[in-house]
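Listed here are the chains, written in short residue letters.
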Amino acid sequence: MNKPKSTNTAESGANSMWGGRYAASPSEIMQRINASIDFDQRLYRQDIAGSKAHCEMLIAQGVISGNDGAEILSGLDMVLTEIEGGDFDFKTSLEDIHMNIEARLKELIGDAAGRLHTGRSRNDQVATDIRLWVRDAIDSLDDQLKSLQEALIIKAEVHAEDVMPGFTHLQTAQPVTFGHHMLAYVEMYGRDRARLSDCRKRVNESPLGAAALAGTSFPIDRKMTARALGFDRPLANSLDAVSARDFALEYLSTTAICASHVSRQAEELVIWCAPQFGFIRLSDSFSTGSSIMPQKRNPDAAELARAKAGRIYGALTTLLVVIKGLPLAYGKDMQEDKEPVFDATDSLSLMLAAMAGMVSDMTVAPEALRQALAAGFPTATDLADWLVRVLDMPFRDAHHVTGTLVSMAEAQGVGLDALPLAAMQEVEPRISKDVFSVLSIDASVASRTSEGGTSSELVRLAAAAARERFL
């Protein structure tokens, strides 16, 4: 997309956009604060699509002639070609994408261009454009999330048997498999996709034809334009149609939740890359070096993905503050809805691309994963469960006995599976040698067969089910 080539210079005489009410053009400062073309030029495809749908409806309803309509449609195609070819001169003096396109249309086809704005306002026009843009963004982000899920599922399938510590409070808790860990994020991103899909339903209603705020006296067909633009229906109330931005708030809220998931996973990649963990290694494609320390391999892509979540949270807060005190219907404050939406979308798209790249790129170190389970007594819960299951001990009593045995093992500097049976029996005489069958890492993982559990067999089944559900 090309940037505006000009200009901040006020036009001489009356402002052509505002008609005879104003005898002079606004000041240079007024133009700067009022103009949105620097950022809303991104809406050009949506704006032209909306204008073509509106024009075709005006022709069908007999509001404008077929000849004028044909000229308008042809002219809009020429404008689109110019913009996409980088030959369009965006002018700050024309404020926004709507007036830039309309002005160029008049230069190309003459007075017929002036008939295009019959029965609509920039208020319903911009509301239509931003809904179309958000709808496109939702579809694009959904594709990216699907690709990320696929990368995670592949890793889960490959590492369905590789054991690692499962953490709570970043402390070793119980053994899990690396594949199970990957599938947790598949589920998170699946809910993000569901939220985007649900949000899309409320985005996909058409404001076009609401005009400035009260509708229009022209015999327009709002259902026709809604169908032409792929909307499910026209918005039911003209005041609501031009003033509602809750669809954008919902979209930003959804992107913020998704960004939190990417950021959480990015944090884990940063930790796992550290030599103190060494669970994974990122290739040169997703690592950077240090200007002074030649040994460093920094996971900067993960760190930046983690940080960009803050931009998206800021975008949501920005729009909430803009909207919170606005009376119906349209206020110029709403011009500030676009930059947060654009920035959040760009940021999340880049985060998703980086995360999918890192997940596909990373090399997992199964030996390091298993070695990390040597500390932290990860089978303590298995011991407590054995006491409950075999000795019929109340769980709280079993918890106490297990805690005592953990303290004993810690004092001796050994794991639970290395404690002598006699030492265990000093704490609980009924413990038998059968207890050692549940104290190994592999036995612990294999025993977790409840629905959603971490056993290798369940991980393979869950990965296959995730392929069916999400891909």
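Being a predicted model, the structure only gives us computed values, none of them experimental. (Residues numbered from 1 in each chain as written. Predicted model: local features only at pLDDT ≥ 70, side-chain atom pairs only at ≥ 80, totals over all residues. Heavy atoms only, no water.)

1. Looking at the overall build of the chain
Consideration 1: Looking only at helices and strands, the chain features 18 helices and six strands.
Consideration 2: At 31 Å, the chain has a C-alpha radius of gyration far larger than the 23 Å of a compact globule built from 471 residues.
Consideration 3: Projected onto the principal axes, the alpha-carbon positions of the chain cover approximately 100 × 55 × 40 Å.
Consideration 4: When burial is assessed residue by residue, the chain has 48% of its 471 residues classed as buried.
Consideration 5: Split by element, the accessible area of the chain, about 21,800 Å² in all, is 52% carbon and sulfur.
Consideration 6: Counting 47 positive and 63 negative side-chain charges, the chain places the averaged centre of each group 2 Å from the other. (Helix = DSSP H or I, 4+ residues; strand = E, 2+ residues; numbered from the N terminus. Rg over C-alpha atoms; globule rule 2.2 N^0.38 Å. Buried < 20%, exposed > 50% of the residue type's maximum accessible area, 1.4 Å probe, protein only. Areas by Shrake-Rupley, 256 points an atom, 1.4 Å probe, with all protein chains shown as cover. Lys, Arg positive; Asp, Glu negative; His and termini not counted. Charge placed at Lys NZ, Arg CZ, Asp CG, Glu CD.)

2. With respect to the packing of helix H7 (residues 178–203) against helix H10 (residues 246–273)
Consideration 1: Close contact between H7 and H10 brings their axes to 8 Å; oriented N to C, the two are set at 165 degrees. In this view, H7 runs roughly antiparallel relative to H10, as classed from their interaxial angle. In this structure, the crossing between H7 and H10 has a hand that is left-handed.
Consideration 2: Split by residue class, the contact of H7 with H10 holds 14 nonpolar, four polar and seven charged. (Axes fitted to C-alpha atoms, helices over the stretch in contact; angles between N-to-C directions. Parallel < 35°, antiparallel > 145°, perpendicular 65-115°, else oblique. Left-handed = near helix turned anticlockwise from the far one by under 90°. Nonpolar A, V, L, I, M, F, W, Y, C, P; charged D, E, K, R; others polar.)

3. Brief notes about the nonpolar core
Consideration 1: Core analysis: the biggest nonpolar cluster contains 91 residues, and Val-134, Phe-178, Tyr-251, Trp-272, Val-341 and Met-355 have the highest contact counts within it.
Consideration 2: Among the elements that line this core, the one with the most residues is H10, at 14 residues.
Consideration 3: With sequence-adjacent residues up to four places away left out, Trp-272 is seen in contact with Met-164, Phe-178, His-181, Met-182, Phe-277, Gly-278, Phe-279 and Ile-280.
Consideration 4: Grouped together as the second largest cluster of nonpolar side chains are 22 residues, Val-401, Leu-405, Val-435 and Val-438 included. (Core = buried A, V, L, I, M, F, W, Y, C linked by side-chain atoms within 4.5 Å. Contact = heavy atoms within 4.5 Å.)

4. Thoughts on the packing of aromatic side chains
Consideration 1: Overall, the coordinates contain seven aromatic pairs when judged by the stated rule.
Consideration 2: The ring of Phe-231 has Arg-135 sitting right over it, with the charged end atom 5.3 Å from the ring centre. (Phe/Tyr/Trp six-rings, centres within 6.5 Å; stacked < 30°, edge-to-face > 60°. Lys NZ or Arg CZ within 6 Å of the ring centre and 35° of its normal.)

5. Remarks on the pairing of strand S1 (residues 163–168)
Consideration 1: Judged from the six bridges that link them, S1 and strand S2 (residues 171–177) form a sheet pairing that is antiparallel. Across the sheet, the residue bridging to Val-163 is Thr-177, located in S2.
Consideration 2: The turn joining S1 and S2, which pair antiparallel and follow one another in sequence, is formed by two residues; a positive phi near 60 degrees is taken by His-169. (Pairing = 2+ DSSP bridges.)

6. A word on the packing of helix H3 (residues 44–60) against helix H4 (residues 66–84)
Consideration 1: Where H3 contacts H4, the axes come no closer than 9 Å and their chain directions differ by 170 degrees. When the axis of H3 is compared with that of H4, the two are roughly antiparallel. Residues Tyr-44, Arg-45, Ile-48, Ser-51, Lys-52, Cys-55, Glu-56 and Ile-59 of H3 pack against Gly-66, Gly-69, Ala-70, Ile-72, Leu-73, Leu-76, Asp-77, Val-79, Leu-80, Ile-83 and Glu-84 of H4.
Consideration 2: Per-class residue counts for the contact of H3 with H4 are eleven nonpolar, three polar and five charged.

7. Some thoughts on the environment of Lys-296
Consideration 1: On the secondary structure map, Lys-296 appears in the loop between strand S5 (280–281) and helix H11 (300–323).
Consideration 2: Look at Lys-296 and you get partly exposed, because its relative accessible area is 31%.
Consideration 3: Apart from the residues within four sequence positions on either side, Lys-296 is in contact with Thr-288, Gly-289 and Ser-290.

8. Comments concerning a negative patch on the surface
Consideration 1: Together, Asp-38, Asp-333, Glu-336 and Glu-339 make up a negatively charged patch on the protein surface.
Consideration 2: Along the chain, Glu-339 turns up in helix H12 (residues 338–361). (Patch = residues over 30% accessible without salt bridge, like charges linked within 9 Å, V, L, I, M, F, W, Y side chains within 5 Å. Salt bridge = Lys/Arg side-chain N within 4 Å of Asp/Glu carboxyl O.)

9. A few points about unusual backbone geometry
Consideration 1: With an omega dihedral of 10 degrees, the bond running from Leu-328 to Ala-329 counts as a cis peptide bond.
Consideration 2: Along the polypeptide, Ala-329 turns up in the loop between H11 and H12.
Consideration 3: Here the phi dihedral of Glu-95 falls at roughly 70 degrees; this positive angle occurs in a residue that is not glycine.
Consideration 4: The buried category is assigned to Glu-95, whose relative accessible area is 6%.
Consideration 5: Here the phi dihedral of His-169 falls at roughly 60 degrees; this positive angle occurs in a residue that is not glycine.

10. A look at the side chain of Thr-118
Consideration 1: Mapped onto the fold, Thr-118 is located in the loop between helix H5 (97–109) and helix H6 (122–158).
Consideration 2: A distance of 2.7 Å separates the side chain of Thr-118 from the backbone oxygen of Arg-115, its partner in a polar contact.
Consideration 3: The contact partners of Thr-118, leaving out residues within four places of it in the chain, are His-54, Leu-58, Val-63 and Phe-218. (Polar contact = N/O pair within 3.5 Å; in protein donor to acceptor, adjacent residues only side chain to side chain.)

11. Description of the confidence of the model for the chain
Consideration 1: Summing up the model confidence of the chain, the mean pLDDT is 94 and the portion of residues at 70 or higher is 95%.
Consideration 2: In the model, residues 1–14 has pLDDT below 50 throughout and makes 46 contacts with residues more than four positions away in sequence or in other chains. (pLDDT = per-residue confidence, 0-100.)

12. Remarks on H5
Given 3.6 residues to a turn, an α-helix orients residues that are three or four positions apart in the same direction.
Consideration 1: Helix length check: H5, at 13 residues, gives a terminal C-alpha distance of 18 Å against a target of 18 Å (1.5 Å per residue), a fit within 8%.
Consideration 2: Buried positions along H5 lie against helix H2 (37–40), H3, H4 and H6.
Consideration 3: Here H5 starts with a cap whose side-chain oxygen sits 3.1 Å from the backbone nitrogen of His-98, and that cap is Asp-96. (Expected span 1.5 Å × (residues − 1).)

13. What to know about the pattern of salt bridges
Opposite charge on two side chains lets them pair, provided their charged atoms get close.
Consideration 1: Inspection of the entire model under this criterion finds 30 salt bridges.
Consideration 2: Put simply, Arg-104 and Glu-107 hold a salt bridge, and the shortest N to O gap is 2.9 Å. Here Glu-107 and Arg-104 lie together in helix H5, a separation of three residues that amounts to about one turn.
Consideration 3: Several salt bridges share partner residues, and in doing so they unite Glu-95, Asp-96, Arg-122 and Lys-332 into one network.

14. With respect to a nonpolar patch on the surface
Consideration 1: There is a patch of nonpolar side chains on the surface, built from Leu-213, Leu-239 and Leu-328 and spanning about 270 Å² of accessible area.
Consideration 2: Relative to the assigned elements, Leu-213 resides in the loop between strand S3 (205–206) and helix H8 (222–228).
Consideration 3: Looking at Leu-213, the relative accessible area reads 38%, which means it is partly exposed.

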